[in-house]
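Each chain, written out:
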Amino acid sequence: MTEQLRMMAVHAHPDDESSKGAATMAKYVSEGVDVLVATCTGGERGSILNPKLQGDPYIEEHIHEVRAKEMDEARDILGVKQEWLGYVDSGLPEGDPLPPLPEGCFALQDVDEAAGTLVKLIREFKPHVITTYDENGGYPHPDHIMTHKISMVAFEAAGDPSRYPEAGEPWQPLKLYYNQGFNRPRTQALHDALLERGMESPYGEWLERWHTMGRERNLTTFVPCGDFFEIRDKALIAHATQIDPDGGWFKVPLDLQREVWPTEEYELAKSLVATSLPEDDLFAGIRNN
């Protein structure tokens, strides 16, 4: 392939792009791939998870603007482009029974209509590869599940001239992947390596309740990107309201991560090109066509 390769990562909220596949994106940017993050919502209903910033009245009152600025910083660290789809965060409902979702939120949008917004962006950017979430959303946040739904519709529709004719000239992406960076093999390997070295592991409780978190996924693609873990972490820390720099995310030394598990993982969900599994490149089958 002589034209520049392009990848689109579809995410629910600002910060998702930095916790799911960020090192992969930074690696591809370093190789000259054009990478675009499509962020479905503004994260307006996200909780302030960094204890150092909780109770700050300015942040609480201006959370939308604050999270947009955090996204700008993370985008620059990763070297990617970024666009907002413009939907409103649904929040994470809690309680038994769960309360109804807020009126007008992303998860309550008509799937076909919301997919049209993504189709327009796909036709403008023309990605060869799209990454998104699986049918469970990675975890069952309503915005993550909705992100999956519109991504699947948009992947199929973007190349069809009879669908969304107002959204621009058709463009057919060639591969679609689910982010699967939070997987049991990786978590177990890091947990074991920490204990073997006499270090504390943040993964013990996760592993104990893994069976309650849904079925095991089919990991098809392992992208070597250990050299970009530091960039990944810097981008995540840029989302200061969402992450505690002293928290469990950063308990595993980067050198140990690179030694034990230097890849990010994906599940190939759709491919219109021939490829052989397992892969080590999201563009496998595309580069040589």
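This text gives an overview of the structure that appears in the document.

Criteria and cut-off values
- Residues numbered from 1 in each chain as written.
- Predicted model: local features only at pLDDT ≥ 70, side-chain atom pairs only at ≥ 80, totals over all residues.
- Heavy atoms only, no water.
- Salt bridge = Lys/Arg side-chain N within 4 Å of Asp/Glu carboxyl O.
- Helix = DSSP H or I, 4+ residues; strand = E, 2+ residues; numbered from the N terminus.
- Buried < 20%, exposed > 50% of the residue type's maximum accessible area, 1.4 Å probe, protein only.
- Disulfide = S-S within 2.5 Å.
- Core = buried A, V, L, I, M, F, W, Y, C linked by side-chain atoms within 4.5 Å.
- Phe/Tyr/Trp six-rings, centres within 6.5 Å; stacked < 30°, edge-to-face > 60°.
- Contact = heavy atoms within 4.5 Å.
- Expected span 1.5 Å × (residues − 1).
- Polar contact = N/O pair within 3.5 Å; in protein donor to acceptor, adjacent residues only side chain to side chain.
- Arc of directions from axis to C-beta.

**Thoughts on the pattern of salt bridges**
It is possible for side chains of opposite charge to pair when their charged atoms get near one another.
Argument step 1. Overall, the coordinates contain 20 salt bridges when judged by the stated rule.
Argument step 2. One salt bridge connects Arg-217 with Glu-135, and the closest N-O pair in it is separated by 2.9 Å. A residue pair is termed long-range when its members are at least 10 positions apart, and Arg-217 in the loop between helix H8 (204-208) and strand E6 (221-224) and Glu-135 in the loop between strand E4 (129-132) and helix H6 (142-157) qualify at 82 residues.
Argument step 3. By relative accessible area, which is 16% here, Arg-217 ends up buried.
Argument step 4. Put simply, Lys-27, Glu-31, Asp-281 and Arg-287 are held in one network by salt bridges that share partners.

**As for the state of the cysteines**
Argument step 1. Inspection of every chain in the model, using the stated rule, returns zero disulfides.
Argument step 2. With no disulfide partner, Cys-40 has as its closest neighbouring cysteine sulfur the one in Cys-105, 13 Å distant.
Argument step 3. With a relative accessible area of 0%, Cys-40 lands in the buried category.

**Remarks on the nonpolar core**
Argument step 1. The biggest cluster of nonpolar side chains holds 29 residues, and the ones touching the most others in it are Met-8, Leu-118, Ile-122 and Ile-150.
Argument step 2. Listed by contribution, the elements that provide at least two residues to this core are strand E1 (6-11), strand E2 (34-41), strand E3 (81-87), helix H5 (111-125), H6 and strand E5 (175-179).
Argument step 3. Counting 28 residues, the second largest nonpolar core, distinct from the first, contains Val-129, Val-223, Leu-268 and Phe-283.

**Brief notes about the packing of aromatic side chains**
Geometrically, a pair of aromatic rings is defined through the distance of the ring centres and the angle of the planes.
Argument step 1. Here the structure, examined in full by the defined rule, presents six aromatic pairs.
Argument step 2. Where Phe-182 meets Trp-206, the ring centres are 6.5 Å apart and the plane angle is 80°; that geometry is what we call edge-to-face. Of this pair, Phe-182 sits in the loop between E5 and helix H7 (184-196) while Trp-206 sits in helix H8, placing them 24 residues apart in sequence.
Argument step 3. Its relative accessible area of 37% is what places Phe-182 among the partly exposed residues.
Argument step 4. Consider the rings of Phe-182 and Trp-249, whose centres lie 5.7 Å apart with planes at 70°: the pair is edge-to-face. Here the residue Phe-182 occupies a position in the loop between E5 and H7, and Trp-249 occupies one in the loop between helix H9 (229-238) and helix H10 (254-260), the gap between them amounting to 67 residues.

**Description of the side chain of Asn-179**
Argument step 1. Locating Asn-179 in the fold gives a position in strand E5.
Argument step 2. A residue is classified by how much of its surface remains accessible, and Asn-179, at 10% relative accessible area, is buried.

**Details of the environment of Glu-200**
Argument step 1. Relative to the elements of secondary structure, Glu-200 occurs in the loop between H7 and H8.
Argument step 2. Owing to a relative accessible area of 72%, Glu-200 belongs among the exposed residues under this scheme.
Argument step 3. For the pair Glu-200 and Ser-151, spaced 49 residues apart in the sequence, the C-alpha separation amounts to 38 Å.

**Considerations on the environment of Phe-155**
Argument step 1. Within the secondary structure, Phe-155 is located in helix H6.
Argument step 2. On a C-alpha basis, the gap between Phe-155 and Ala-269 in space is 11 Å, while along the polypeptide they are 114 residues apart.
Argument step 3. When near neighbours in sequence (up to four residues on either side) are disregarded, Phe-155 contacts Ile-130, Gln-172, Pro-173, Leu-174, Lys-175, Leu-176 and Lys-270.

**Structural notes on H5**
Argument step 1. Its 15 residues give H5 an end-to-end C-alpha distance of 21 Å, which sits within 8% of 21 Å, the value for a rise of 1.5 Å per residue.
Argument step 2. Regarding H5, the residues found buried are Ala-114, Ala-115, Gly-116, Leu-118, Val-119, Leu-121, Ile-122, Arg-123 and Phe-125.
Argument step 3. Looking at the buried residues of H5, the elements they touch are E1, E2, E3, E4 and H6.
Argument step 4. Two or three places before Asp-112, at the start of H5, stands the capping residue Asp-110, its side-chain oxygen 3.2 Å from that residue's backbone nitrogen.
Argument step 5. One or two residues past the end of H5 sits Lys-126, with phi positive at roughly 60°.

**Comments concerning H7**
The α-helix winds at 3.6 residues per turn, so residues separated by three or four positions along the chain end up facing the same way.
Argument step 1. The end-to-end C-alpha distance of H7, which contains 13 residues, comes to 18 Å, matching closely the 18 Å that a straight helix rising 1.5 Å per residue would cover.
Argument step 2. Listed as buried for H7 are Arg-186, Thr-187, Leu-190, His-191, Ala-193 and Leu-194. Summarising the axial view, the buried residues of H7 lie within an arc of 165°, below the 170-degree limit, and thus occupy one face.
Argument step 3. Packed against the buried residues of H7 are H8, H10 and strand E7 (263-271).
Argument step 4. One side-chain oxygen at the N-terminal end of H7 lies 2.8 Å from the backbone nitrogen of Arg-186; it belongs to Asn-183.

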